[in-house]
Amino acid sequence: MLKVEKLQVNYGGIQAVRDVSFEVPEGKIITLIGANGAGKSTTLRSIIGLVPAAGGSILYNGEEMRGRTTAEIVAKGVTLVPEGRRVFPDLTVAENLRIGAYLRKDDLKGDLDWVYSLFPRLKERHWQAAGTLSGGEQQMLAVGRALMSRPKLVMMDEPSLGLAPIVVQQIFEIIRKINQEGVTVLLIEQNANMALHAADVGYVMETGAITRHGPGKELLEDESIRAAYLGK
């Protein structure tokens, strides 16, 4: 579905992403793990068109996405759940969800019902200002808002960041459920343990480059990965 080849992204004179290549097969959960500053977020932001690539190729279903606007990429079926949730605090839960469907002209009721079935808490609070929700509820809203565009591929940037362990478990259960319902997931996480348990394939990023990859369960058992990212 997504094939990134030799992606390069520069910030000023710094090469933040260096010849990064990976694939996201349809129907799978793929994760990029690595330390803070490894280039994971920059990679996702480049794929969605928020940061221009200096080189390489971003193919989505065989079509080049480099040079496309973010709106064009979202219209193709790709969306991003940004780090830090980025909800609109003064708008209600329902209004935030509808913003996620800003490119659509059809009826939204079926998709709203689907999001509310995934996140019953949001249905209970559909009238409430997003800024008054807990951190976990705001993360659920950010995911739900991304799903309102009916994506085929959803990218998630640190969905567990700053959340209590029990809420992290809930978020990862929802990621699996979304995937089971036919949405392909590209996930970046500092919580390598949770990410590799959920992922079909994991890629390790270090200082802007991919250094390792393999099935998530294999990486979990790798002693060097355990020492570097799992604290074991």
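Counting from 1, residues in each chain are numbered in the order their sequence is written. At least 70 in pLDDT is required for a residue's local features to be given in this predicted model, at least 80 for side-chain atom pairs to be given and counted, and no such filter applies to totals for whole chains, interfaces and linings, which use all residues. By convention in this description, side-chain values take in all heavy atoms of the structure and omit both hydrogens and water.

### Things to note about the sheet that holds strand 3 (residues 29-33)
Alright, step 1. Read across the sheet, six strands follow the order 6-7-8-3-9-10 without closing on themselves; strand pairing throughout is mixed. On the outer flanks of this sheet lie strand 6 (78-81) and strand 10 (209-215), each paired with one strand and no other. Across the sheet, the mean angle separating the axes of adjacent strands is 15° when strand polarity is ignored.
Alright, step 2. Pairing between two strands is assigned when DSSP locates at least 2 bridges connecting them. Only DSSP runs of H or I with at least four residues qualify as helices, and only runs of E with at least two residues qualify as strands; both kinds are numbered from the N terminus onward. Pairing between strand 3 and strand 9 (residues 201-206): four bridges, direction parallel. Looking at the pairing, Leu32 lines up with Tyr203 of strand 9.
Alright, step 3. Here helix 1 (residues 40-47) sits on the sheet in contact with strand 3, strand 6, strand 7 (153-157), strand 8 (184-189) and strand 9, set at roughly 145° to strand 8.
Alright, step 4. Each of strand 3, strand 7 and strand 8 is contacted by helix 7 (residues 165-180), which is oriented at about 155° to strand 8, the strand it contacts most. For helices, the axis comes from a line fit to the C-alpha atoms of the stretch in contact; other axes are also lines fit to C-alpha atoms, and the angle between any two N-to-C directions lies between 0 and 180 degrees. Pairs of residues are marked as contacts when any of their non-hydrogen atoms sit within 4.5 Å.

### Here's the deal with the sheet that holds strand 5 (residues 63-64)
Alright, step 1. Taken together, four strands build an open sheet; the order of strands is 2-1-4-5 and the sheet is antiparallel. Each edge of the sheet is formed by a strand with only one pairing partner; in this case those strands are strand 2 (14-24) and strand 5.
Alright, step 2. Two strands pair when backbone bridges link them, and strand 1 (residues 2-11) and strand 2 are joined in this way by seven bridges, in the antiparallel orientation. Of the residues in strand 2, the one forming a bridge with Leu7 is Val20.
Alright, step 3. Running over the sheet, helix 1 touches strand 1, strand 2 and strand 4 (55-60) and is turned about 110° from strand 1.

### Looking at the nonpolar core
Alright, step 1. Within the largest apolar cluster, 48 residues are counted, with the highest numbers of intra-cluster contacts made by Leu97, Phe119, Leu122, Leu141, Met156, Ile175 and Ile178.
Alright, step 2. Considering every element that reaches this core, the biggest residue donor is helix 7, with seven residues.
Alright, step 3. Residues within four places of Ile175 in sequence aside, it is in contact with Ile29, Met156, Pro159, Val185 and Leu187.
Alright, step 4. To form a nonpolar core, buried Ala, Val, Leu, Ile, Met, Phe, Trp, Tyr and Cys residues must be joined to one another through side-chain atoms within 4.5 Å. Accessibility here uses a 1.4 Å probe with only protein chains present; expressed as a share of the type maximum, an area under 20% marks a residue as buried, one over 50% as exposed, and anything in between as partly exposed. In this structure, Met1, Ala53, Met65 and Tyr203 belong to the second largest nonpolar core, which totals 30 residues.

### Examining helix 7
Alright, step 1. Here a helix's expected span is defined as the number of its residues, less one, multiplied by 1.5 Å. Given a rise of 1.5 Å per residue, 16 residues ought to cover 22 Å, and the 23 Å separating the end C-alpha atoms of helix 7 matches this to within 8%.
Alright, step 2. Val167, Val168, Ile171, Phe172, Ile174, Ile175, Ile178 and Asn179 are the residues of helix 7 that are buried. In an axial view of helix 7, the angular spread of the buried residues amounts to 155°, which keeps them on one side of the axis. For helix 7, exposure combined with an orientation more than 90 degrees from the buried face picks out Pro165, Ile166, Glu173 and Gln180.
Alright, step 3. Elements in contact with the buried residues of helix 7: strand 3, helix 4 (109-118), helix 6 (135-147), strand 7, strand 8 and helix 8 (192-198).
Alright, step 4. Of the residues trailing helix 7, Gly182 is marked for its positive phi of about 105°. The directions considered for the arc are those from the helix axis to the C-beta atoms.

Interpretation in functional terms is not warranted from these geometric data alone.
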